[in-house]
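# Structural characterization, general
One letter stands for each residue in the lines below.
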Amino acid sequence: MPRTKTTPAEQPAQSAPGRIEYREFLPSELVVDPFNHRQGNMAPPSKELKDSVSLVGVKEAVGVRLQADGTFGVYKGRRRLLAAQEAAAKAKAKGVEEKALPRIPALVHHDLTDVDDETLLLSLLENQFRENATKADELHVAEQLALMDVPEERRRRHAKTLGVPLAQLKAAKGAAQLSEDAKSRALAEDFDWIEMDQWQRVGGGKDTFDRLSRAKGRDQRSGKPGNGEWRQELQRVRDEQAEMAKLDAVKEELRATGVEVVQYSWGWSGTDARPLTHLLTSLGKAMTVEIHAQVCPSHGVAVNPDTLAPVYVCTSWHAEGHRLTEEYAEKLAKSGNAPVDPEAEKAKAKAKREGTAAWRSARTVRLEMLRAAIADKNLPEAAEELTERTVMGRKTWWFKSVASARTEVAAALLGVPDPNEGRDQWRRLEDPFEELITKGPKSRRKYRMFARVAAAIETHVMADKEWQEPTEDMVTYLRFLEKEFGYVLAECERQVIADFERRAALKDTDAGSESTGGDTEAGEAEAQPGMTDDQGDGAVAGEDGTGGEDRAGAQPGPGGAAGEVAEDREEAATEQPAGDGPAQG
C-alpha cells in the first residue's frame, strides 16, 4: 500500500520518546546534525549521486533527530541531503515552487534526542557498512566520545560497539591532538590509538616517529606476543627527554643570573673555552669564579650533561692572556701543543653517556615486566630454582645485597612501600619485611623470595655502568628473562650479550694457544678456579678510579631509575666476602 505524503504542518511535532517515526521533509527543512561523524570531514556528493537524486529524488530514508533549536538534523545520510539541497536550489532557480519539490523520506529517532554519543556511534556504523568509513573517521568519532561526559558503563559500551578495548577509546583523546599530517602518518603505519597517544605524549616529532615505527616493525617481525621492542624504545625516548629537560632547566637557571652559558666540552683542548680550574691568575694563583667574574669579560659557564653541575669557564682564555696550571700546561706540551681531537673525545664520551642512558631505560622496562609477573602470580619453575640456588649458594653479589640491606627495588617489585625509605645505610631495618612475612599469604612466599633475589641482581649485577664490562651473571640473567618471561631484550642488552660472547670466544682461543706451550702461567691459572677477569666479585674500577663496589652503588630506585650515590667506604668494606666468581646459577 503506497505511503500517504503529508506536509510538515500536518505531521505530529514529536512522538513519544523511544519511538521511531517516519516523516518526509522538504530539503530546506533539514540540517546536518553536528554529531554526524563526517561533519566537515568528507568530500561533496559524487556526480553519480547528484544525478540520481536530481532525476528520482532521495529514495532511501535518512536518519534524523530533533535538535535543541527545534529543527531536525540528519545524522545518517548527509551526502543524500546535500545532493537533494543542491537539486532543490537548481529547481528553484528555474522557477519551481518549493512546495512542489520532492521531499526527503526520513526516520525520526526520538530516542536519540539529546543523546549525542549514541548518535555519533550510529552515524559511524552506518558509514562503516555502507561507505567504508576510514581509520581517520573512526579516530574522529573516538576522540569525540572520549571527550563526552558519560557514565563509565556507557563508555564501555561505546568501546565494544567500536570493537576496541576501553583503553584504546580513552587514548583516542590524546591521539587526536596530533596534527592531521601526523595522524595520517601514524595511521598509515598502523599505529593504534594507544600508540598514537604515546607518540603524542613524547612530542609527536618525526625523529621519535621514526624510532617508534622501527621498533613496531621489529615487534611485528619477531613473531612474539606483546610490544616489547616498542616499550623499550618508548622508555628510551622518555628518559632522554627527561634528561634533556633537566639539563635545559639548569641552563635556564644559570642564564637568569646573567652569565653566558656555553657548550660543555669533554676535552677542552680543541676549544677557545677552558674551565677556571685549568687556569691561573696573573699572580700565578688558582683562578676562582669570583676573581674571574671581576677581572675577565669572557666569563661563562657550561653544564656537565652527566652530573648537571655547572663548570665555570673562560670562553676565550688564550686571547684574554690567562695561563694554564702546570698540570694542564704539561699536558698541552706533551701533546706537542696540538690539541687532542675534540670530535673523537666527544664521540667517545657521547657513546658512554648514551650507553648508560640506554641501560637505565632497559632497567625500567625490566622492572615493570617483573613487577607485573610477580603481581599476576606468573612465576615459572626456573625462577624458583634461581631463588633456591642463590640463597643456598655463595654468590658474591648476593652477599653484597644482604650486607647493604637496601630494599627499594625489592619493595617496588612487590608493590609495597619501601620500609627503609628515608633511612641511611646505618639505620636500615634488621628485618624490613617482617610484617609482610608475618601477615602475608603463605602462598605468596615464593614470589616474595624471587622478588628479593631479582632485586639483588638488578642492584649489584645490572648497575648503571656494568654494561661496559659484561659478566657471565649479567648475560645469564638476561637470557633467563628472555626465555622464562618472554622479555624482549633491548638493543643495548643484546649488544652486551654479543660483547660478552665475543670476549669469551677470544679468551678460549688464547687459552688454547697457551695450553700448547706448556708454560707455568697455565698452571698458575688452574690454581685459581672460579676466578674471571673480574676477579671473582665483578669489581671493576670505575671511571673515577674507585672500585667496583662504588660503581655498583648507583642503583635503581623504586621507579626503576638509577641512583647516583655509592655506599660509604665503611659499608663497602663489609660487603667484600670471599666467594666464587660471577658465574650465575
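From a predicted model like this one, the values you see are computed outputs, not experimental measurements. (Residues numbered from 1 in each chain as written. Predicted model: local features only at pLDDT ≥ 70, side-chain atom pairs only at ≥ 80, totals over all residues. Heavy atoms only, no water.)

## Some thoughts on the overall build of the protein
In terms of regular secondary structure, the protein is built from 23 helices and 11 strands. Taking all 585 residues of the protein together, the buried fraction comes to 43%. Across the protein, the fraction of contacts at a sequence separation of at least 24, relative to all contacts at a separation of at least 6, is 69%. A total of about 31300 Å² of accessible surface is found on the protein, and carbon and sulfur atoms cover 51% of it. (Helix = DSSP H or I, 4+ residues; strand = E, 2+ residues; numbered from the N terminus. Buried < 20%, exposed > 50% of the residue type's maximum accessible area, 1.4 Å probe, protein only. Contact = heavy atoms within 4.5 Å. Areas by Shrake-Rupley, 256 points an atom, 1.4 Å probe, with all protein chains shown as cover.)

## Description of the pattern of salt bridges
Taken as a whole and assessed by the stated rule, the structure comprises 30 salt bridges. We note a salt bridge from R218 to E229, for which the minimum N-O separation is 3.1 Å. Here R218, found in helix α9 (residues 206-222), pairs with E229, found in helix α10 (residues 228-256); they are 11 residues apart in sequence, far enough to count as distant. Since its relative accessible area comes to 9%, E229 is described here as buried. One salt bridge in this structure joins K446 and E384, with 3.5 Å as the shortest N-O distance. (Salt bridge = Lys/Arg side-chain N within 4 Å of Asp/Glu carboxyl O.)

## Quick notes on the nonpolar core
Counting 44 residues, the largest nonpolar core has L370, L413, F450 and F485 as its most contacted members. Those elements that place two or more of their residues in this core are α13 (342-375), α14 (381-392), α15 (396-404), α16 (408-414), α18 (445-460), α19 (472-485) and α20 (491-517). With sequence-adjacent residues up to four places away left out, L413 is seen in contact with L367, L370, R371, I374, A451, A454 and A455. Judged by nonpolar contacts, the second largest core, of 16 residues, contains L187, V202, F209 and L234. (Core = buried A, V, L, I, M, F, W, Y, C linked by side-chain atoms within 4.5 Å.)

## Things to note about empty space enclosed by the protein
Scanning the entire structure with this criterion turns up 2 cavities of 30 Å³ or more. Forming the boundary of the second largest cavity are S401, R406, T407, E408, V409, A410, R452, A455, A456, T459 and H460. For the lining of the second largest cavity, the secondary structure elements donating two or more residues are α16 and α18. Top contributing element to the lining of the second largest cavity by residue count: α18, with 5 residues. (1 Å grid on protein atoms, 1.4 Å probe; cavity = no way out; pocket = protein on both sides within 12 Å on 5 of 7 lines; lining within 4 Å. Points joined across faces, edges and corners; volume = space filled by probe spheres on them.)

## Quick look at the packing of aromatic side chains
Enumeration according to the criterion identifies 10 aromatic pairs in this entry. Ring plane angle 80° and centroid distance 5.4 Å describe the contact between Y264 and W268, whose orientation is recorded as edge-to-face. Residue class for W268 comes out buried when judged on its relative accessible area of 6%. Of the aromatic side chains, those joined through ring pairs into one cluster are F191, W199, F209 and W230. Between the NZ or CZ atom of R185 and the centre of the ring of F209, over which it lies, the distance is 5.5 Å. Over the face of the ring belonging to W317 we find R274, whose NZ or CZ atom lies 5.7 Å from the ring centre. (Phe/Tyr/Trp six-rings, centres within 6.5 Å; stacked < 30°, edge-to-face > 60°. Lys NZ or Arg CZ within 6 Å of the ring centre and 35° of its normal.)

## Observations regarding the layout of surface pockets
Quantified by volume, the second largest pocket comes out at close to 460 Å³. Taken together, 18 residues form the lining of the second largest pocket, with D431, P432, F433, I437 and R452 sitting closest to its centre. Elements with a contribution of two residues or more to the lining of the second largest pocket: α16, α17 (434-439) and α18. Counting residues per element, the lining of the second largest pocket draws most heavily on α18, which supplies 4 residues.

## Section: the sheet that holds strand β10 (residues 310-314)
A sheet is described by the order of its strands in space; here 4 strands give the open sequence β6-β9-β10-β7, paired in mixed fashion. Pairing within the sheet leaves two strands with one partner each, and these edge strands are β6 (260-261) and β7 (274-275). The sheet contact formed by β6 and strand β9 (residues 299-303) spans 2 bridges and is parallel. Opposite V261, over in β9, you have V301 as the bridge partner. α10 contacts β6, β9 and β10 of the sheet and is inclined by roughly 165° relative to β9. (Pairing = 2+ DSSP bridges. Axes fitted to C-alpha atoms, helices over the stretch in contact; angles between N-to-C directions.)

## Structural notes on the side chain of H278
Topologically, H278 is positioned in the loop between β7 and β8 (279-280). Judged by its relative accessible area of 7%, H278 is buried. Excluding its chain neighbours within four sequence positions, the residues that come into contact with H278 are W268, R323, L324, T325 and Y328.

## Digging into unusual backbone geometry
Even without a glycine there, the phi angle at L308 is positive, about 65°. On the accessibility criterion, L308 (22% relative accessible area) is partly exposed. The backbone of A405 shows a phi angle near 60°, a positive value even though the residue is not glycine. One can find A405 in the loop between α15 and α16.

## As for the confidence of the model for the protein
On average, residues of the protein carry a pLDDT of 76, and 70% of them reach 70 or more. Segment residues 37-41 is flagged for pLDDT under 50; beyond a separation of four residues in sequence, or across chains, it makes 22 contacts in the model. Segment residues 115-125: pLDDT under 50, and 42 contacts once partners within four positions in sequence are set aside and those in other chains are kept. (pLDDT = per-residue confidence, 0-100.)

## Digging into the packing of helix α6 (residues 166-175) against helix α8 (residues 193-201)
Contact geometry of α6 with α8 gives a least axis separation of 7 Å together with a crossing angle of 35°. The chirality of how α6 crosses α8 is left-handed. Seen from α6, the contacting residues are A167, Q168, L169, A171, A172, G174 and A175; seen from α8, they are W193, I194, M196, D197 and Q200. Split by residue class, the contact of α6 with α8 holds 8 nonpolar, 3 polar and 1 charged. (Left-handed = near helix turned anticlockwise from the far one by under 90°. Nonpolar A, V, L, I, M, F, W, Y, C, P; charged D, E, K, R; others polar.)

## Quick look at the state of the cysteines
Within this structure, the stated rule accounts for 0 disulfides. For C296, which is in no disulfide, the shortest distance to another cysteine sulfur is to C314 and amounts to 3.8 Å. (Disulfide = S-S within 2.5 Å.)

## Concerning α14
Within an α-helix, residues lying three or four positions from one another point in the same direction, as the helix has 3.6 residues per turn. Spanning 12 residues, α14 covers 17 Å between terminal C-alpha atoms, matching the ideal 16 Å at 1.5 Å per step. Buried positions along α14 lie against α15, α18 and α19. (Expected span 1.5 Å × (residues − 1).)

## Considering the packing of helix α1 (residues 47-56) against helix α2 (residues 78-93)
Running from N to C, α1 and α2 point in directions that differ by 60°, and their axes come no closer than 9 Å. Overall, the two elements α1 and α2 adopt an arrangement that is oblique. The chirality of how α1 crosses α2 is right-handed. Contact residues: L49, K50, V53 and S54 in α1; R79, R80, A83, A84, E86 and A87 in α2. Taken together, the residues that form the contact of α1 with α2 break down as 5 nonpolar, 1 polar and 4 charged. (Parallel < 35°, antiparallel > 145°, perpendicular 65-115°, else oblique.)

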